[in-house]
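Residues per chain are reported as follows:
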Amino acid sequence: MLSGKAMLAGVTGWPVAHSRSPRLHGTWIARHGLDAAYVPLPIRPEDFASAIRGLAQAGFRGVNVTIPHKEAAFAVCDRVSARAKRAGAVNTLVFTGAGIEGDCTDGFGFLASLEGYDPASGPAVLLGAGGAARAIAAALLDAGCPKLTLVNRTPARAQALARELGGPIAVSDTPPLGDAALLVNTTSLGMSGQPPLEIDLSALPAHAVVADIVYVPQETPLLLAAEARGLRAVGGLGMLLHQARPGFEAWFGVAPMVDDELRRIVAADIPTR
Ligand code: ATR
């Protein structure tokens, strides 16, 4: 039951009907008994900046930003966090008395989803060079990853990303798996309706962690292959859940938890395979 003082937030996208964020934030709102609502906000690309300013004027605490607005969100901000600058994108807007603040929590969400993996513990191999790859690569490097190799269908895109991020980052045609402590898929391969990711995992060391940011289906062919080899496999659902934490806390003043019950609720309609 909302009062006249209810705290408001939501997710902006075009389209936005597929978003699981309302269910995720709604679960947290109910758990904490907050006088708050989190709603889907379909906004056309050409209307993005004016709609965001209107939401701020209407008293919203802030919004999440999803496809295709993550770069446009950067431009609408009065201030942008250091990690959003590194990621070149904004997925969380906080409306304050001082203006619109932008953050990118995707890299944070990814690292948190690895639960206990130390990025400094060894080399990482990252497949892909798009927006998700950029946020994850920046987060890995900033957390002390000693060597990061990008492998992408379009090598020039990976080279541009490596140049922009700087640090111990290189581009390769073939994934150097022999000494990898972490392998991450940030491409859309393996997603429902897309071809599977074809990669031979046999060269990975036994301690390697394999992560896939794809979460539809939950068990991608890559994760199944990793498990068949006895490797730790981490799906993309955890990144989705953890990236939502900083925004929820900034808007509603409560730090929410990610646990198995939340996973079950948010993943209820996501096919396993
Ligand atoms: P996102 O913002 O989700 O990362 P993106 O910017 O479109 O999305 O990036 C998609 C990534 O998946 C890219 O690395 C893309 O490779 P290209 O840079 O060569 O386009 C990769 N990708 C998508 N479809 C692919 C396919 N069929 N084979 C190989 N890589 C693919």
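All values derive from a computational prediction rather than experimental measurement. (Residues numbered from 1 in each chain as written. Predicted model: local features only at pLDDT ≥ 70, side-chain atom pairs only at ≥ 80, totals over all residues. Heavy atoms only, no water.)

### A word on the packing of helix H5 (residues 106-113) against helix H6 (residues 131-142)
A pair of packed helices is captured by two measures, namely the crossing angle of their axes and the spacing between those axes.
Right, so step 1: Orientation of H5 relative to H6, taken along the N-to-C sense of each, is 65°, at an axis distance of 8 Å. With respect to the hand of their crossing, H5 and H6 are arranged in right-handed fashion. Counted together, Asp106, Gly107, Phe110 and Leu111 of H5 and Ala135, Ile136, Ala139 and Leu140 of H6 form the full contact between these two elements.
Right, so step 2: Within the contact of H5 with H6, the residues separate by chemical class into six nonpolar, one polar and one charged. (Axes fitted to C-alpha atoms, helices over the stretch in contact; angles between N-to-C directions. Helix = DSSP H or I, 4+ residues; strand = E, 2+ residues; numbered from the N terminus. Left-handed = near helix turned anticlockwise from the far one by under 90°. Contact = heavy atoms within 4.5 Å. Nonpolar A, V, L, I, M, F, W, Y, C, P; charged D, E, K, R; others polar.)

### Re the nonpolar core
Right, so step 1: Of all hydrophobic cores here, the largest spans 28 residues; its most connected members are Phe110, Leu126, Leu140, Leu148, Leu150 and Leu182.
Right, so step 2: For this core, the secondary structure elements donating two or more residues are strand S7 (124-127), H6, strand S8 (148-151), helix H7 (155-165), strand S10 (182-185) and strand S11 (209-212).
Right, so step 3: Per element, the largest residue contribution to this core is six residues, and it comes from H6.
Right, so step 4: Counting residues in each nonpolar core, the second largest holds 23 residues, with Ala9, Trp28, Leu34 and Val266 among its members. (Core = buried A, V, L, I, M, F, W, Y, C linked by side-chain atoms within 4.5 Å. Buried < 20%, exposed > 50% of the residue type's maximum accessible area, 1.4 Å probe, protein only.)

### Quick look at the domain arrangement of the protein
Right, so step 1: On domain assignment, one finds that the protein holds domain 1 (7-105 + 244-266) and domain 2 (108-238).
Right, so step 2: Distance between the C-alpha centres of domain 1 and domain 2: 26 Å.
Right, so step 3: Each partner contributes to the interface: domain 1 provides 12 residues, whereas domain 2 provides 14 residues.
Right, so step 4: Roughly 1100 Å² is buried in total at the junction of domain 1 and domain 2, and carbon and sulfur atoms are behind 49% of that figure.
Right, so step 5: For the pair domain 1 and domain 2, the number of links is two salt bridges.
Right, so step 6: Where arginine 263 meets glutamate 115, a salt bridge forms, and the shortest distance between an N and an O atom there is 3.8 Å. (Domains from an automatic or database assignment. Buried area = accessible area lost by both parts, 1.4 Å probe. Salt bridge = Lys/Arg side-chain N within 4 Å of Asp/Glu carboxyl O.)

### Here's the deal with the sheet that holds strand S4 (residues 79-80)
Right, so step 1: In space, the six strands of this open sheet follow the order S2-S1-S3-S5-S6-S4, with mixed pairing throughout. Each of the sheet's edge strands pairs with one partner strand only, and the pair in question is strand S2 (36-42) and S4.
Right, so step 2: One ladder, built from five bridges, connects strand S5 (residues 92-96) with strand S6 (residues 99-103); its direction is antiparallel. Within S6, the residue paired with threonine 92 across the bridge is aspartate 103.
Right, so step 3: Sheet strands touched by helix H1 (residues 21-31): strand S1 (7-13), S2 and strand S3 (62-65). Its angle to S2, the strand with the most contacts, is close to 175°. (Pairing = 2+ DSSP bridges.)

### Points about the pairing of S2
Right, so step 1: The pairing of S1 with S2 spans seven bridges and is classified as parallel. When the sheet's bridge partners are listed, valine 11 is paired in S2 with proline 40.
Right, so step 2: Once the chain exits S1 it traverses H1 before rejoining the sheet at S2, and the crossover so formed is right-handed. (Right-handed = clockwise from strand over helix to strand, strands pointing away.)

### So, the environment of histidine 69
Right, so step 1: The topology assignment puts histidine 69 in the loop between S3 and helix H3 (70-76).
Right, so step 2: Counting along the chain gives 45 residues from histidine 69 to leucine 24, while the straight-line C-alpha distance between them is 20 Å.
Right, so step 3: Those residues in contact with histidine 69 that lie beyond four places of it in its chain are Thr12, Gly13, Trp14, Ile43, Arg44, Pro45 and Phe48.
Right, so step 4: In terms of polar contacts, histidine 69 uses its side chain to reach the backbone carbonyl oxygen of isoleucine 43, at 2.9 Å. (Polar contact = N/O pair within 3.5 Å; in protein donor to acceptor, adjacent residues only side chain to side chain.)

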